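Understanding the architecture of this molecule
Each chain, written out:
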Amino acid sequence: MELYRFLQQQGFGGRKACRELVDDGAVVLDGMPAANWRMAVDPAQVQSLVVNDEPWPLLPPFFYLMLHKPAAYETSHQPQHHRSVFRLLPWQFANLGVAAVGRLDVDTTGMLLFSNDGQFVHSLSSPRKVIPKCYQVTARHPLTPGVAQQLLEGVLLHDEQETLAATAVTLLDDYRLNMSITQGKYHQVKRMIAAAGNRVEGLHRIAMGELALGDLAEGQWRFLSADELLLLGYTAR
Ligand code: URA
(Lines give C-alpha, C1' and ligand atoms only; values in the text may rest on other atoms or scores of the structure.)
Protein backbone atom coordinates (compact mmCIF):
# COMPACT_ATOMS: atom_id res chain seq x y z
CA MET A 1 0.00 0.00 0.00
CA GLU A 2 1.26 3.49 -0.77
CA LEU A 3 2.04 5.69 2.22
CA TYR A 4 -0.66 8.25 1.52
CA ARG A 5 -3.31 5.47 1.48
CA PHE A 6 -2.02 4.29 4.85
CA LEU A 7 -2.37 7.83 6.19
CA GLN A 8 -5.92 7.94 4.83
CA GLN A 9 -6.66 4.67 6.64
CA GLN A 10 -5.37 6.22 9.84
CA GLY A 11 -7.83 9.11 9.49
CA PHE A 12 -5.59 11.92 8.22
CA GLY A 13 -8.07 12.96 5.55
CA GLY A 14 -8.45 12.66 1.81
CA ARG A 15 -5.89 11.75 -0.81
CA LYS A 16 -4.77 15.35 -1.38
CA ALA A 17 -4.40 16.16 2.31
CA CYS A 18 -2.41 12.99 2.98
CA ARG A 19 -0.07 13.54 0.03
CA GLU A 20 0.50 17.12 1.21
CA LEU A 21 1.39 15.96 4.72
CA VAL A 22 4.22 13.90 3.25
CA ASP A 23 5.29 16.65 0.84
CA ASP A 24 5.43 19.06 3.79
CA GLY A 25 7.80 16.74 5.62
CA ALA A 26 5.28 16.20 8.43
CA VAL A 27 5.35 12.39 8.43
CA VAL A 28 7.90 10.27 10.28
CA LEU A 29 7.47 6.52 9.79
CA ASP A 30 9.36 4.10 12.03
CA GLY A 31 11.72 6.90 12.98
CA MET A 32 12.54 7.93 9.39
CA PRO A 33 11.17 11.13 7.80
CA ALA A 34 9.04 10.06 4.82
CA ALA A 35 9.92 11.87 1.62
CA ASN A 36 7.65 10.18 -0.89
CA TRP A 37 3.93 9.54 -0.55
CA ARG A 38 4.25 6.70 -3.09
CA MET A 39 6.49 4.79 -0.70
CA ALA A 40 5.29 1.22 -0.11
CA VAL A 41 4.02 0.50 3.39
CA ASP A 42 2.89 -2.76 4.95
CA PRO A 43 0.43 -1.61 7.64
CA ALA A 44 1.02 -4.81 9.65
CA GLN A 45 4.74 -4.02 9.91
CA VAL A 46 4.55 -0.34 10.89
CA GLN A 47 5.84 0.22 14.43
CA SER A 48 5.48 3.98 14.83
CA LEU A 49 3.99 6.95 13.09
CA VAL A 50 4.56 10.58 14.01
CA VAL A 51 2.66 13.32 12.20
CA ASN A 52 3.38 17.00 12.80
CA ASP A 53 5.56 15.99 15.75
CA GLU A 54 2.71 14.10 17.40
CA PRO A 55 3.02 10.35 17.95
CA TRP A 56 -0.03 8.61 16.49
CA PRO A 57 -1.63 5.51 18.06
CA LEU A 58 -1.63 3.09 15.12
CA LEU A 59 -5.26 2.15 14.60
CA PRO A 60 -6.52 -1.30 13.70
CA PRO A 61 -9.43 -1.46 11.20
CA PHE A 62 -11.93 -1.50 14.10
CA PHE A 63 -11.30 0.20 17.41
CA TYR A 64 -13.30 0.87 20.54
CA LEU A 65 -12.94 3.53 23.19
CA MET A 66 -14.32 4.96 26.39
CA LEU A 67 -14.58 8.67 27.17
CA HIS A 68 -15.20 10.23 30.56
CA LYS A 69 -17.70 12.81 29.36
CA PRO A 70 -17.68 16.14 31.19
CA ALA A 71 -20.81 18.25 31.62
CA ALA A 72 -21.60 20.89 28.97
CA TYR A 73 -20.77 18.65 25.99
CA GLU A 74 -23.41 17.36 23.56
CA THR A 75 -23.37 13.80 22.23
CA SER A 76 -23.72 14.98 18.66
CA HIS A 77 -21.65 15.85 15.61
CA GLN A 78 -23.84 18.95 15.17
CA PRO A 79 -24.23 20.37 18.67
CA GLN A 80 -26.85 23.07 19.20
CA HIS A 81 -25.71 24.99 22.27
CA HIS A 82 -22.51 23.43 23.61
CA ARG A 83 -19.38 21.77 22.33
CA SER A 84 -19.47 18.33 20.77
CA VAL A 85 -18.05 15.33 22.64
CA PHE A 86 -16.17 14.57 19.43
CA ARG A 87 -13.99 17.61 20.22
CA LEU A 88 -12.53 15.56 23.07
CA LEU A 89 -11.32 12.86 20.66
CA PRO A 90 -8.59 13.16 18.00
CA TRP A 91 -10.11 14.88 14.96
CA GLN A 92 -8.91 11.98 12.79
CA PHE A 93 -11.51 9.69 14.42
CA ALA A 94 -14.38 11.56 12.78
CA ASN A 95 -12.85 10.78 9.36
CA LEU A 96 -13.04 7.10 10.26
CA GLY A 97 -16.74 7.07 11.11
CA VAL A 98 -16.36 6.87 14.88
CA ALA A 99 -19.82 7.06 16.47
CA ALA A 100 -21.08 7.17 20.05
CA VAL A 101 -22.93 4.26 21.60
CA GLY A 102 -26.17 5.96 22.62
CA ARG A 103 -26.23 9.42 24.14
CA LEU A 104 -25.76 11.15 27.42
CA ASP A 105 -27.60 14.39 28.18
CA VAL A 106 -25.57 17.57 27.97
CA ASP A 107 -25.37 17.84 31.79
CA THR A 108 -24.72 14.11 32.37
CA THR A 109 -21.12 13.06 33.02
CA GLY A 110 -19.37 9.71 32.90
CA MET A 111 -18.89 6.75 30.64
CA LEU A 112 -19.56 7.15 26.94
CA LEU A 113 -18.39 4.51 24.48
CA PHE A 114 -17.42 5.04 20.85
CA SER A 115 -16.33 2.91 17.92
CA ASN A 116 -15.97 2.85 14.16
CA ASP A 117 -17.41 -0.69 14.25
CA GLY A 118 -21.06 -0.12 13.27
CA GLN A 119 -22.00 -3.59 14.41
CA PHE A 120 -20.75 -2.82 17.93
CA VAL A 121 -22.46 0.57 18.08
CA HIS A 122 -25.69 -0.90 16.77
CA SER A 123 -25.72 -4.00 18.97
CA LEU A 124 -25.07 -2.06 22.17
CA SER A 125 -27.71 0.53 21.35
CA SER A 126 -30.26 -2.11 20.37
CA PRO A 127 -33.24 -2.56 22.70
CA ARG A 128 -32.69 -6.32 22.39
CA LYS A 129 -29.27 -6.09 24.01
CA VAL A 130 -29.85 -6.02 27.75
CA ILE A 131 -26.80 -4.33 29.22
CA PRO A 132 -27.44 -2.63 32.55
CA LYS A 133 -26.25 0.94 32.64
CA CYS A 134 -25.39 2.13 36.12
CA TYR A 135 -25.81 5.79 37.06
CA GLN A 136 -24.94 7.70 40.18
CA VAL A 137 -27.77 10.09 40.90
CA THR A 138 -27.50 13.19 43.06
CA ALA A 139 -31.00 14.21 44.10
CA ARG A 140 -32.45 17.55 45.14
CA HIS A 141 -34.50 16.16 48.01
CA PRO A 142 -33.49 13.52 50.56
CA LEU A 143 -33.64 9.95 49.30
CA THR A 144 -35.40 7.32 51.38
CA PRO A 145 -35.59 3.52 51.25
CA GLY A 146 -39.15 4.14 50.00
CA VAL A 147 -37.82 5.89 46.89
CA ALA A 148 -35.43 3.01 46.25
CA GLN A 149 -38.32 0.57 46.61
CA GLN A 150 -40.46 2.56 44.19
CA LEU A 151 -37.67 2.58 41.58
CA LEU A 152 -37.23 -1.18 41.92
CA GLU A 153 -40.94 -1.90 41.70
CA GLY A 154 -41.41 0.37 38.70
CA VAL A 155 -42.63 3.91 38.12
CA LEU A 156 -44.95 5.25 35.45
CA LEU A 157 -43.26 7.96 33.40
CA HIS A 158 -45.13 10.87 31.97
CA ASP A 159 -46.28 9.98 28.42
CA GLU A 160 -45.47 6.27 28.81
CA GLN A 161 -47.94 3.38 28.89
CA GLU A 162 -45.92 0.94 30.97
CA THR A 163 -43.98 1.26 34.18
CA LEU A 164 -40.17 1.17 34.09
CA ALA A 165 -38.15 -0.38 36.88
CA ALA A 166 -34.50 -0.15 37.91
CA THR A 167 -32.72 -3.50 38.08
CA ALA A 168 -30.65 -2.43 41.09
CA VAL A 169 -30.70 0.54 43.49
CA THR A 170 -28.17 1.31 46.23
CA LEU A 171 -28.63 4.25 48.55
CA LEU A 172 -25.24 5.88 49.13
CA ASP A 173 -26.25 8.70 51.46
CA ASP A 174 -29.18 11.07 51.97
CA TYR A 175 -28.84 12.65 48.53
CA ARG A 176 -27.10 10.05 46.38
CA LEU A 177 -27.94 6.64 45.00
CA ASN A 178 -26.66 4.26 42.33
CA MET A 179 -29.26 2.78 40.03
CA SER A 180 -29.07 0.44 37.06
CA ILE A 181 -31.45 0.41 34.14
CA THR A 182 -31.53 -1.81 31.07
CA GLN A 183 -33.58 0.38 28.73
CA GLY A 184 -32.42 3.65 27.20
CA LYS A 185 -35.46 5.88 26.98
CA TYR A 186 -35.18 9.62 26.55
CA HIS A 187 -34.10 11.24 29.85
CA GLN A 188 -34.98 7.95 31.49
CA VAL A 189 -33.22 8.32 34.82
CA LYS A 190 -34.33 11.92 35.29
CA ARG A 191 -37.92 10.97 34.47
CA MET A 192 -37.86 7.94 36.76
CA ILE A 193 -36.56 10.02 39.66
CA ALA A 194 -39.20 12.66 38.90
CA ALA A 195 -41.88 9.95 38.85
CA ALA A 196 -40.66 8.90 42.30
CA GLY A 197 -41.28 12.46 43.53
CA ASN A 198 -37.71 13.77 43.53
CA ARG A 199 -35.46 15.60 41.08
CA VAL A 200 -32.04 14.84 39.58
CA GLU A 201 -29.41 17.47 40.37
CA GLY A 202 -26.47 15.47 39.03
CA LEU A 203 -26.18 12.37 36.86
CA HIS A 204 -23.02 10.38 36.27
CA ARG A 205 -22.73 7.06 34.40
CA ILE A 206 -20.31 4.81 36.24
CA ALA A 207 -20.64 1.50 34.39
CA MET A 208 -22.12 -0.40 31.49
CA GLY A 209 -22.49 -4.08 32.28
CA GLU A 210 -19.32 -5.20 34.02
CA LEU A 211 -17.28 -2.41 32.42
CA ALA A 212 -16.60 0.39 34.92
CA LEU A 213 -15.48 3.95 34.23
CA GLY A 214 -12.82 3.48 36.92
CA ASP A 215 -10.31 6.26 37.42
CA LEU A 216 -10.33 7.64 33.88
CA ALA A 217 -10.10 11.40 34.40
CA GLU A 218 -12.89 13.69 33.22
CA GLY A 219 -12.41 14.72 29.60
CA GLN A 220 -9.97 11.84 28.95
CA TRP A 221 -10.47 8.82 26.70
CA ARG A 222 -8.77 5.47 26.28
CA PHE A 223 -8.99 2.43 24.03
CA LEU A 224 -10.91 -0.64 25.21
CA SER A 225 -9.17 -4.02 25.21
CA ALA A 226 -10.63 -7.18 23.69
CA ASP A 227 -11.24 -8.48 27.24
CA GLU A 228 -13.18 -5.34 28.12
CA LEU A 229 -15.36 -5.81 25.04
CA LEU A 230 -16.11 -9.31 26.25
CA LEU A 231 -17.42 -7.74 29.48
CA LEU A 232 -20.00 -6.09 27.24
CA GLY A 233 -20.81 -9.38 25.56
CA TYR A 234 -19.05 -8.37 22.34
CA THR A 235 -16.21 -10.08 20.52
CA ALA A 236 -13.83 -7.62 18.83
CA ARG A 237 -13.73 -7.87 15.03
N1 URA B 1 -30.94 9.12 31.79
C2 URA B 1 -31.07 10.46 31.74
O3 URA B 1 -32.05 11.00 32.20
N4 URA B 1 -30.07 11.16 31.15
C5 URA B 1 -28.95 10.59 30.64
O6 URA B 1 -28.06 11.28 30.15
C7 URA B 1 -28.84 9.20 30.73
C8 URA B 1 -29.85 8.48 31.31
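Quick notes on the rules
- Residues numbered from 1 in each chain as written.
- Predicted model: local features only at pLDDT ≥ 70, side-chain atom pairs only at ≥ 80, totals over all residues.
- Heavy atoms only, no water.
- Helix = DSSP H or I, 4+ residues; strand = E, 2+ residues; numbered from the N terminus.
- Buried < 20%, exposed > 50% of the residue type's maximum accessible area, 1.4 Å probe, protein only.
- Contact = heavy atoms within 4.5 Å.
- Lys, Arg positive; Asp, Glu negative; His and termini not counted.
- Charge placed at Lys NZ, Arg CZ, Asp CG, Glu CD.
- Near = heavy atom within 4 Å.
- Polar contact = N/O pair within 3.5 Å; in protein donor to acceptor, adjacent residues only side chain to side chain.
- Areas by Shrake-Rupley, 256 points an atom, 1.4 Å probe, with all protein chains shown as cover.
- Nonpolar A, V, L, I, M, F, W, Y, C, P; charged D, E, K, R; others polar.
- Pairing = 2+ DSSP bridges.
- Core = buried A, V, L, I, M, F, W, Y, C linked by side-chain atoms within 4.5 Å.
- Salt bridge = Lys/Arg side-chain N within 4 Å of Asp/Glu carboxyl O.
- Domains from an automatic or database assignment.
- Buried area = accessible area lost by both parts, 1.4 Å probe.

For the chain, the helix and strand inventory stands at seven helices and 17 strands. If you line up the chain on its principal axes, its C-alpha atoms span 70 × 35 × 30 Å. For the chain, the residues scored as buried account for 42% of the 237 residues in total. Within the chain, contacts between residues separated by at least 24 positions form 64% of all contacts whose residues are at least 6 apart in sequence. Once the 21 positive and 24 negative side-chain charges of the chain are each reduced to a mean point, those two points are 6 Å apart.

The ligand sits among L104, D105, T108, Y135, H187, Q188, V189, K190 and L203. The contact in question runs from a nitrogen atom of the ligand to an N or O atom on the side chain of D105, over 2.7 Å. Between an oxygen atom of the ligand and a side-chain N or O atom of T108, the distance comes to 2.9 Å. Protein coverage of the free-state accessible area of the ligand, which is 240 Å², stands at 95%. Top element by residues in the shell around the ligand is helix α6 (residues 188–195). It accounts for three residues. Here the residues of the shell around the ligand sort into four nonpolar, three polar and two charged.

It is worth spelling out the pairing of strand β5 (residues 64–69) at this point. In terms of burial, β5 is a largely internal element, six of the six residues being buried. Two elements, β5 and strand β9 (residues 109–115), share six bridges in a ladder whose sense is antiparallel. Paired with M66 across the two strands is L113, which belongs to β9. Where β5 meets strand β17 (residues 221–223), three bridges bridge the pair, whose relative direction is antiparallel. Paired with L65 across the bridge in β17 is F223.

Core analysis: the largest hydrophobic core is formed by 54 residues, its most contacted members being L3, L7, L49, F114, L151, M179 and M192. Looking at which element gives the most residues to this core, the answer is helix α1 (residues 3–9), with four residues. Excluding residues that lie within four positions of it along the chain, M192 makes contacts with L151, V155, L157, L164, A165, A166, M179 and I181. Counting residues in each nonpolar core, the second largest holds 17 residues, with Y64, L213, L216 and L232 among its members.

Examined against the element boundaries, W56 turns out to sit in strand β4 (residues 54–56). Taking C-alpha positions, W56 is 9.8 Å from P90, a pair spaced 34 residues apart along the chain. Once you skip the residues sitting within four places of it in the chain, W56 turns out to touch Q10, F12, L49, P90, Q92 and F93. Of note is the side chain of W56, whose polar atom sits 2.9 Å from the side chain of Q10.

As a further point, take the pattern of salt bridges. A full pass over the atoms with the stated rule returns ten salt bridges. The salt bridge partner of E160 is R191, with a shortest N-O separation of 3.3 Å. Here E160 is found in the loop between β11 (155–156) and β12 (163–164), whereas its partner R191 is found in helix α6, with 31 residues between them in sequence. When salt bridges with common partners are traced through the structure, they connect D105, D107 and K190 into a single cluster.

Before going further, it helps to examine the domain arrangement of the chain. Split by domain assignment, the chain resolves into domain 1 (3–56), domain 2 (64–128 + 211–231) and domain 3 (133–208). Taken together, the contact between domain 2 and domain 3 spans 15 residues of the former and nine residues of the latter. Across the interface of domain 2 and domain 3, roughly 960 Å² is buried in total on both sides, 45% from carbon and sulfur atoms. The largest per-residue losses of area from domain 2 upon contact with domain 3 belong to D105, T109 and M111, which jointly make up 38% of the total buried on that side. Summed over the shared surface of domain 2 and domain 3, the number is two salt bridges. A salt bridge links D105 to K190; the shortest N-O distance between them is 2.8 Å. Here domain 2 is connected to domain 3 by nine residue pairs in polar contact (both at pLDDT 80 or more). If you tally residues by element for the side of domain 2 that touches domain 3, the top one is β9, at five residues. Per-class residue counts for the side of domain 2 that touches domain 3 are nine nonpolar, four polar and two charged.

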